[in-house]
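Below are the chains, spelled out letter by letter.
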Amino acid sequence: MGNELLVFVVMVIVQLAFAGMIIISKLVMDGGMNAFVQSAYRPIFATVSIAPFAFFLERKTRPKLTRSILFHIFLCSIFGITANQSIYFIGLKNSTPTIVSAIDNLIPAFTFIIAVPLGVEKLGLRSIAGQAKFWGTIICVGGAMLLSLYHGKVVIGQLGFHWKYAENTGEDVNSAHSNFLLGPFLLIVSSLTYAIWLIIQGRVSERYAAPYTCITLMCLMASVESVIIGICVVPKLSEWALNPIRAISVVYNGAVATSFTYFLSSWCIEKKGPLYVSMFNPLLLVISAFLSWTLLREKLYLGVVVGSIIVVAGLYGFLLGKKMETSAEDTELNKEKFQSTKVDLELQLPNSNGYPLESKQISSEAKAS
């Protein structure tokens, strides 16, 4: 009981850390920080903070790094960090934290869509589990389309509380609704690139059992890639200057929202499995919406609220189907093991003459010869 409570608390902390990243990133970008600069700094601090874990925890167990694995890690750095984070932060700048958190729930659905033609996942529409995954995916995408294309009237207005850092940005978070098509569209593309990363990373994990070394190399490669892209897009060095709030943002995003959460999530996956961890994703939506409403004075629109609810409902439908599929596979595997054990026991048990069944067969063949 105590261990389950600890895992639950850790997962809540992980979602709080992610929500903090969304809020502080939105704050500094509304204050003038370029999205490409933000996405370039994050992998740098992530590399510095996660490298000690790779060195001390895996220096004795680290397998050989082949060219093929290195190439796959390079692909992971492009899809999982460089492209994903650049598009993500631009989408966040042109959107709101609530929309960002809602669209993040599309990742399992997109992963399923990509994995089916690659043979990693089975569609299985004849089974209840397959139908749950299929319709859960459709509902998720439908909810994302709704919150992207329709806002409607204001459901919850601005809070009277004013945070001085939000006031100093000079930009209202709700002004991002003038780009309500661009922001959600980029966030959907960001979720798609992340889903591609999950597929590639799954194959890397099977061949290279050193997760911290893998993520360190991935962040290191992404640091180089993101800095090159950032300098090309933002050549002025003054744009790269870090005032106190910007410095807090990039250090937090790299050290806490990347390294720390990766470590905690890995521990929770080891204890309870990936499905349990995925079920906490909607909590990020609730936390982000509350913090954005209280700290950034975000207005909650009808389309965003209804679309978010639909996305979360689709996510849980998908996860339910995945759980049913996993349970069915485990049951079938246990059944096969039971049948195999039963056959072995039958071969070893003595018959009425005191011989094991296989020994009797060998003895009869010897007498006949």
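Anything mentioned here points back to the structure above.
All values derive from a computational prediction rather than experimental measurement. (Residues numbered from 1 in each chain as written. Predicted model: local features only at pLDDT ≥ 70, side-chain atom pairs only at ≥ 80, totals over all residues. Heavy atoms only, no water.)

Visitor: Sorry if this is basic, but what is going on with the overall build of the protein here?
Guide: Helix and strand content of the protein: 14 helices and two strands. Burial analysis of the protein (369 residues in total) assigns 43% to the buried set. Within the protein, contacts between residues separated by at least 24 positions form 88% of all contacts whose residues are at least 6 apart in sequence. Put simply, the protein shows about 19,000 Å² of open surface, and 68% of that area lies on carbon and sulfur atoms. (Helix = DSSP H or I, 4+ residues; strand = E, 2+ residues; numbered from the N terminus. Buried < 20%, exposed > 50% of the residue type's maximum accessible area, 1.4 Å probe, protein only. Contact = heavy atoms within 4.5 Å. Areas by Shrake-Rupley, 256 points an atom, 1.4 Å probe, with all protein chains shown as cover.)

Visitor: Even after reading the chapter, I still don't get the environment of Ala115, so can you show me in this structure?
Guide: Tracing the backbone shows Ala115 in helix α5 (residues 107-118). With sequence-adjacent residues up to four places away left out, Ala115 is seen in contact with Val120, Glu121 and Ile199.

Visitor: So what exactly am I meant to see when it comes to the packing of α5 against helix α8 (residues 182-207) here?
Guide: When two helices pack together, their arrangement is given by the angle between the helix axes and by the axis-to-axis distance. With their axes 8 Å apart at the nearest point, α5 and α8 run at an angle of 55° to one another. With respect to their mutual orientation, α5 and α8 come out oblique. Taken as a pair, α5 and α8 cross one another with a handedness that is right-handed. The residues of α8 that touch α5, namely those facing Ile107, Phe110, Thr111, Ile114, Ala115 and Leu118, are Ile188, Ser191, Leu192, Tyr194, Ala195, Ile196, Leu198, Ile199 and Arg203. Grouping the amino acids of the contact of α5 with α8 by side-chain chemistry returns 12 nonpolar, two polar and one charged. (Axes fitted to C-alpha atoms, helices over the stretch in contact; angles between N-to-C directions. Parallel < 35°, antiparallel > 145°, perpendicular 65-115°, else oblique. Left-handed = near helix turned anticlockwise from the far one by under 90°. Nonpolar A, V, L, I, M, F, W, Y, C, P; charged D, E, K, R; others polar.)

Visitor: Whenever I open this one, the side chain of Thr213 confuses me. Can you help?
Guide: Note on placement: Thr213 falls in helix α9 (residues 211-233). With a relative accessible area of 9%, Thr213 lands in the buried category. With residues near it in sequence (within four places) discarded, Thr213 still touches Ala54, Glu58, Arg62 and Tyr208.

Visitor: Help me understand the pattern of salt bridges, please; the structure alone is not making it clear to me.
Guide: Where side chains of opposite charge bring their charged atoms close, a pairing between them can arise. Under the counting rule described, the total for this entry stands at one salt bridge. The residue Asp30 makes a salt bridge to Lys26 at a minimum N-O spacing of 3.4 Å. A residue pair is termed a helical-turn pair when its members lie 3 or 4 positions apart in one helix, as Asp30 and Lys26 do in helix α1 (residues 2-30) at four residues. In this pair, the class of Asp30 matches that of Lys26, namely buried. (Salt bridge = Lys/Arg side-chain N within 4 Å of Asp/Glu carboxyl O.)

Visitor: I'm lost on helix α3 (residues 67-93) in this one. Help?
Guide: Each turn of an α-helix holds 3.6 residues, which means side chains three or four residues apart point in the same direction. In this model, α3 (27 residues) spans 37 Å end to end at C-alpha, consistent with the 39 Å of a helix rising 1.5 Å per residue. At Asn84, α3 shows its largest bend, some 40°. (Expected span 1.5 Å × (residues − 1). Bend = angle between axes of the 7 residues up to and from the residue.)

Visitor: Quick question: what am I supposed to make of the nonpolar core here?
Guide: As a rule of thumb, soluble globular proteins bury nonpolar side chains together. With 44 residues, the main nonpolar core has Ile22, Tyr88, Ile103 and Leu106 as its most contacted residues. Among the elements that line this core, the one with the most residues is helix α13 (residues 302-348), at six residues. In this structure, Ile69, Cys76, Trp197 and Met221 belong to the second largest nonpolar core, which totals 19 residues. (Core = buried A, V, L, I, M, F, W, Y, C linked by side-chain atoms within 4.5 Å.)

Visitor: Sorry if this is basic, but what is going on with the packing of aromatic side chains here?
Guide: Geometry of an aromatic ring pair is reported as the spacing of the ring centres plus the angle between the planes. Counted under the stated rule, the structure contains 13 aromatic pairs. With 5.6 Å between their ring centres and 80° between their planes, Tyr88 and Phe89 make a pair best called edge-to-face. An identical accessibility class is assigned to Tyr88 and Phe89; each is buried. Note on Phe112 and Phe318: the rings are 5.5 Å apart at their centroids and 65° apart in plane angle, and the pair reads as edge-to-face. Taken as a pair, Phe112 in helix α5 and Phe318 in helix α13 lie far apart in primary sequence, 206 residues in all. Owing to a relative accessible area of 4%, Phe112 belongs among the buried residues under this scheme. (Phe/Tyr/Trp six-rings, centres within 6.5 Å; stacked < 30°, edge-to-face > 60°.)

Visitor: Hey, could you run me through the side chain of Ser101 in this one?
Guide: With respect to the secondary-structure elements, Ser101 resides in helix α4 (residues 97-103). Polar side-chain contacts of Ser101 include one of 2.9 Å to the backbone oxygen of Pro97. Ignoring any residue separated from it by four or fewer positions in sequence, one finds Ser101 in contact with Ile22, Leu284, Leu285 and Ser288. (Polar contact = N/O pair within 3.5 Å; in protein donor to acceptor, adjacent residues only side chain to side chain.)

Visitor: Before we go on, may I ask you to explain the packing of α9 against helix α10 (residues 244-272) in this structure?
Guide: Contact pair α9 / α10: the axes reach a minimum separation of 12 Å and the direction vectors enclose 150°. Taken together, α9 and α10 sit at an angle that is classed as roughly antiparallel. Note on packing geometry: the crossing formed by α9 with α10 is right-handed. Seen from α9, the contacting residues are Pro211, Tyr212 and Ile215; seen from α10, they are Tyr262, Phe263 and Ser266. Residues that form the contact of α9 with α10 fall into these classes: five nonpolar, one polar and no charged.

Visitor: What should I look at first to understand the environment of Gln85 in this one?
Guide: One can find Gln85 in helix α3. In this structure Gln85 comes out as buried when scored by relative accessible area, which is 9%. Setting aside residues no more than four positions away along its own chain, Gln85 makes contact with Ser39 and Arg42.

Visitor: Quick question: what am I supposed to make of a nonpolar patch on the surface here?
Guide: A cluster of nonpolar side chains, Met145, Leu149, Tyr150, Val155, Ile156, Leu181, Leu302 and Val306, forms an exposed patch at the surface whose accessible area comes to about 660 Å². Here Tyr150 shows up in the loop between α6 (128-149) and β1 (154-156). Residue classification places Tyr150 among the partly exposed positions, given a relative accessible area of 41%. (Patch = residues over 30% accessible without salt bridge, like charges linked within 9 Å, V, L, I, M, F, W, Y side chains within 5 Å.)

Take it as geometry only, folks, not as evidence of what the structure does.
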